[in-house]
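If you want the building blocks of each chain, they are given just below.
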Amino acid sequence: MKKKIWTILITGAAIMFGLAFLLFKGYVRFNYPSKKEYPIQGIDISHHQGIINWDELVKEDIKFVFIKATEGGDYRDPKFKINWENTRKNNLPVGAYHFYRLCKNGIEQAENFISTVPNLKDNLPPVIDLEYGGNCQTEKSIDLILSEIQAFITSLENHYGKTPIIYITQEFYNDYLQNQFINNPIWVRDIFKEPKIKNRPWTFWQYANRAHLDGIDMYVDLNVFKGSADEFETFKKGL
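A. Expanded view of the packing of aromatic side chains. Scanning all chains against the criterion turns up 22 aromatic pairs. With 5.1 Å between their ring centres and 65° between their planes, Phe225 and Phe232 make a pair best called edge-to-face. Here Phe225 matches Phe232 in class, with each residue buried.

B. A look at unusual backbone geometry. A positive phi angle, near 60°, is found at Asn91, a position not held by glycine. When you line up the elements, Asn91 lands in the loop between helix H3 (80-89) and strand S4 (94-99). Residue Asn91 is classed as exposed on the basis of its relative accessible area, which comes to 68%.

C. Highlighting the environment of His47. As for its position among the elements, His47 is in the loop between strand S1 (41-45) and helix H2 (54-57). On the accessibility criterion, His47 (27% relative accessible area) is partly exposed. Between the C-alpha atoms of His47 and Ile82, which are 35 residues apart in sequence, the distance is 10.0 Å. Here the side chain of His47 touches Asp77 through a polar contact of 2.8 Å, side chain to side chain.

D. Spatial organisation of the state of the cysteines. Considering all chains together, one arrives at 1 disulfide under this definition. Note that Cys103 is cross-linked by a disulfide to Cys136, the S-S spacing being 2.1 Å. As the torsion about the S-S bond is roughly -110°, the Cys103-Cys136 disulfide counts as left-handed. Residue Cys103 is found in the loop between S4 and helix H4 (106-114), and its partner Cys136 is found in the loop between strand S5 (127-130) and helix H5 (142-160); the two are separated by 33 residues along the sequence.

E. Representation of the pattern of salt bridges in the model. Applying the stated criterion across every chain yields a total of 9 salt bridges. Across the salt bridge formed by Lys68 and Glu71, the nearest N and O atoms sit 2.5 Å from each other. Just as Lys68 is buried, Glu71 falls in that class too. With a closest N to O distance of 3.6 Å, Glu71 and Arg101 form a salt bridge. Residue Glu71 is found in strand S2 (residues 65-71), and its partner Arg101 is found in the loop between S4 and H4; the two are separated by 30 residues along the sequence. Overall, Glu71 belongs to the buried group, its relative accessible area being 18%. Through salt bridges with shared partners, one network takes in Lys35, Asp61 and Lys63.

F. A look at the pairing of S1. The element S1 is largely enclosed, with a buried count of 5 among its 5 residues. Here S1 shows a buried face lined by Gln41, Ile43 and Ile45 and a second buried face lined by Gly42 and Asp44. In the sheet, S1 pairs with strand S9 (residues 220-225) via 4 bridges, with the strands oriented antiparallel. Note on S9: the bridge partner recorded for Asp44 is Asp221.

G. Structural detail: the nonpolar core. Of all hydrophobic cores here, the largest spans 49 residues; its most connected members are Ile43, Ile166 and Leu177. Tallying contributions element by element places H5 first for this core, with 7 residues. When residues no more than four places from it in sequence are discounted, the contact partners of Ile43 are Leu57, Ile62, Phe64, Val65, Phe66, Leu213, Ile216, Val220, Asp221, Leu222 and Asn223. One finds Tyr97, Leu124, Tyr167 and Phe204 within the second-largest nonpolar core, a separate group that totals 13 residues.

Conventions used here
- Residues numbered from 1 in each chain as written.
- Predicted model: local features only at pLDDT ≥ 70, side-chain atom pairs only at ≥ 80, totals over all residues.
- Heavy atoms only, no water.
- Phe/Tyr/Trp six-rings, centres within 6.5 Å; stacked < 30°, edge-to-face > 60°.
- Buried < 20%, exposed > 50% of the residue type's maximum accessible area, 1.4 Å probe, protein only.
- Helix = DSSP H or I, 4+ residues; strand = E, 2+ residues; numbered from the N terminus.
- Polar contact = N/O pair within 3.5 Å; in protein donor to acceptor, adjacent residues only side chain to side chain.
- Disulfide = S-S within 2.5 Å.
- Salt bridge = Lys/Arg side-chain N within 4 Å of Asp/Glu carboxyl O.
- Pairing = 2+ DSSP bridges.
- Core = buried A, V, L, I, M, F, W, Y, C linked by side-chain atoms within 4.5 Å.
- Contact = heavy atoms within 4.5 Å.

These results come straight from atomic positions and should not be treated as a statement about function.
Dropping the structure here:
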């Protein structure tokens with residue numbers, strides 16, 4: 001009996017370890033949103049994806065790309081320019097995002113983004129990335145943080161003529177953003193389940209962060225747009 005119990009325990013542990021390994025390596029995921037429900041699926045990239053083989057990547061069924069452009073008041077992603085040029089060269093809808101640093105001034109950060117990202121009519125709306133991971137510590141009050149985020153958003157909207165998208169994690173949203181910036185589209189990260197945000201809909205969903213695609217040697221994030229192809233075309237125009 002003891003031998004049988006040990007066998008069961010060892011087998012169970014091996015299965016759990018194997019599943020955890022496959023999840024960690026990105027070969028299995030928690031989310032597999034269907035193309036029928038979410039026909040517009042895309043990726044977001046930065047220098048972390050290294051040198052991308054675009055001839056291979058475009059063979060994947062990608063409908064949009066968001067590219068990291070800037071962070072804080074002076075950082076520019078070293079792969080932004082080449083990723084931007086290659087995305088446009090391959091006629092993929094493209095937008096840029098800024099990782100917002102809580103300890104930096106909102107206007108200063110907006111100027112960094114605006115000086116980096118071209119103002120082109122067919123760009124996807126600009127994105128402000130609001131999350132705790134990798135962010136800096138600050139003693140600023142919530143009111144001051146929200147005021148500076150508003151200044152950042154207003155600067156981008158005035159420059160690009162499109163309402164910026166707000167990328168969030170659930171934790172950051174709960175602490176800062178409930179009932180705030182209600183006119184801005186939400187892009188939410190949830191790698192475990194389809195997201196539900198209290199009192200408002202989401203527009204983009206980042207459903208995986210360790211995916212594998214041809215043309216990219218590193219992990220890559222996967223996303224969906226909530227809507228049809230026609231609705232996406234309208235969204236691209238900033239309407």
